[in-house]
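# Overview (structure and organization)
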Amino acid sequence: MYGAGTDTTSTSLVWAIGELLRNPRVMKELQQEARKIGRGRPMIPEEDVEKMPYLKAVFREALRLHVPIPLLVPRQSTQDVKIFGYDIPSGTQVWINAWAIARDPSIWEEPEVFRPERFLNSPMDYIGSHFEYLPFGAGRRGCPGIKFAATINELVLANLAYKFEFALEGEHSLDMSETDGMTAHKKYPILVKATL
Ligand code: HEM
């Protein structure tokens with residue numbers, strides 16, 4: 001529970017910040033929304049995050065491009081099935097490449113582009129009912145921490161955008177290469193100077 005909850009939550013936050021730094025237009029849009037909601041208060045409280053559709057779209061889009069557990073957790077088929085003409089015998093170990101699905105050009109327009117607007121006014125959600133988008137998996141073994149992870153990360157992103165201006169420091173900060181492993185981390189750390 002500890003590993004499943006911490007590594008994923010922190011890496012998805014890093015990816016979201018990385019994409020915001022790479023896309024100043026999106027960062028500006030998010031800051032405008034945050035400053036409108038914050039109205040000069042010391043911080044944006046949790047209940048106000050619900051009034052920030054652009055922030056939610058930013059979080060969704062970051063999870064689409066950077067699925068934290070790219071291959072989810074493997075399954076085993078419990079009966080013989082035929083899928084798209086392939087015979088899958090009972091007892092086969094099945095890996096689902098959620099990373100590839102989230103970048104499939106037959107599903108997503110310009111899949112490599114970070115564009116949160118695609119999630120505005122869209123029914124697409126990450127709760128496991130849209131198989132085109134499965135950052136938290138789906139079904140009985142889907143992630144039980146969705147609500148907690150989304151609440152924490154949206155709150156942090158909202159307040160970072162609300163409070164700070166960011167200037168890049170590190171030469172590799174915008175390099176979006178991934179590490180190997182069950183959880184996809186950013187290969188190079190983000191180095192930024194945050195000013196009030
Ligand atoms: C952005 C953050 C997170 C992401 C992207 C994420 C993603 C996932 C994924 C993809 C799975 C496998 C689901 C499947 O194969 O269908 C999973 C399982 C799991 N997650 Fe998360 N998770 C996150 C945060 C959390 C948090 C905060 C907690 C707990 C507080 C948590 C607890 C778990 C547990 C216990 C499982 C195993 C469930 C099972 O096998 O029945 N996760 N998570």
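Per-chain numbering applies: the sequence of each chain, read as written, is numbered from 1 onward. At least 70 in pLDDT is required for a residue's local features to be given in this predicted model, at least 80 for side-chain atom pairs to be given and counted, and no such filter applies to totals for whole chains, interfaces and linings, which use all residues. Derived side-chain values reflect all non-hydrogen atoms in the structure, with water molecules and hydrogen atoms excluded from consideration.

Per an unreviewed UniProt entry, the protein chain is named Cytochrome P450, and its organism is Mikania micrantha. UniProt positions are given in the numbering used here, feature names are shortened, and annotations may be inferred rather than shown by experiment. Heading Cofactor (unreviewed entry) of the UniProt record for the protein chain holds this comment: "heme".

Time to look at the overall build of the protein chain. The secondary structure content of the protein chain amounts to 6 helices and 6 strands. Written out in order from the N terminus, the α and β elements of the protein chain read α-α-α-α-β-β-β-β-α-α-β-β. Each radius of gyration is computed over the set of C-alpha atoms, and the globule rule expresses the reference value as 2.2 Å times the number of residues to the power 0.38. Here the protein chain has a C-alpha radius of gyration of 18 Å; the compact-globule value for 196 residues is 16 Å, and the two agree. Over its C-alpha atoms, taken along the principal directions, the protein chain stretches across nearly 60 × 35 × 35 Å. Here the protein chain holds 196 residues, and 39% of them are scored as buried. Whether two residues are in contact is decided by their heavy atoms: any pair within 4.5 Å suffices. Restricting the contact set of the protein chain to residue pairs at least 6 apart, pairs at least 24 apart contribute 67%. Elements are defined by DSSP. Helices are runs of H or I of four residues or more, strands are runs of E of two residues or more, and each kind is numbered from the N terminus. Burial classes follow relative accessibility: with a 1.4 Å probe on protein chains only, a residue under 20% of its type's maximum area counts as buried, one over 50% as exposed, and anything between as partly exposed.

In this numbering, the UniProt entry assigns the feature "binding site: heme" (unreviewed entry) to C143. Structurally, C143 is set in the loop between helix 5 (98-101) and helix 6 (146-163).

Here we come to the packing of helix 4 (residues 53-65) against helix 6. Think of two packed helices as two axes; the pair is described by the angle between the axes and how far apart they sit. Contact pair helix 4 / helix 6: the axes reach a minimum separation of 10 Å and the direction vectors enclose 115 degrees. In the packing of helix 4 onto helix 6, the handedness of the crossing is right-handed. Residue-level contacts link L55, K56, F59 and R60 of helix 4 to A149, A150, N153, E154, L157 and A158 of helix 6. Classification used: nonpolar for Ala, Val, Leu, Ile, Met, Phe, Trp, Tyr, Cys and Pro, charged for Asp, Glu, Lys and Arg, polar for all others including Gly. For the contact of helix 4 with helix 6, the per-class residue count stands at 6 nonpolar, 1 polar and 3 charged. Orientation is described by lines fitted to C-alpha atoms, with helices fitted over the stretch in contact, and by angles between N-to-C directions that extend from 0 to 180 degrees. Two helices cross in a left-handed way if the nearer one is turned anticlockwise from the farther one by less than a right angle. They cross in a right-handed way if the turn is clockwise.

We now examine the site of the ligand. Only a single heavy atom is needed: when it lies within 4 Å of a molecule or strand, its residue is near that molecule or strand. Taken together, 22 residues are adjacent to the ligand, and V73, R75, A138, R141 and C143 come closest. One of the backbone nitrogen or oxygen atoms of V73 is found 3.2 Å away from an oxygen atom of the ligand. In the environment of the ligand, an oxygen atom lies 2.7 Å from a nitrogen or oxygen atom belonging to the side chain of R141. Only helix 1 (2-22) and helix 6 provide two or more residues apiece to the shell around the ligand. Between N or O atoms, a polar contact is any pair within 3.5 Å; within protein, one atom must be a potential hydrogen donor and the other a potential acceptor, and residues adjacent in sequence are included only when both atoms are from side chains.

To continue, consider the packing of aromatic side chains. Think of it this way: a Phe, Tyr or Trp ring, Trp meaning its six-membered ring, pairs with another when their centres are within 6.5 Å, and the plane angle makes it stacked under 30 degrees, edge-to-face over 60, tilted otherwise. According to the stated counting rule, one finds 6 aromatic pairs in the structure shown. For the ring pair F119 and Y133, a centre distance of 5.1 Å and an interplane angle of 45 degrees mean the geometry is tilted. Highlighted residues: F119 in the loop between helix 5 and helix 6 and Y133 in the loop between helix 5 and helix 6, separated in sequence by 14 residues. For F119, a relative accessible area of 6% translates into the label buried. An aromatic cluster is present here, built from F59, Y126 and F136 joined pairwise through their rings. Lysine and arginine charges are scored as sitting over a ring when NZ or CZ, respectively, is within 6 Å of the ring centre and within 35 degrees of the ring normal. When the ring centre of W108 is taken as origin, the NZ or CZ atom of R64, which lies over that ring, is 5.2 Å away.

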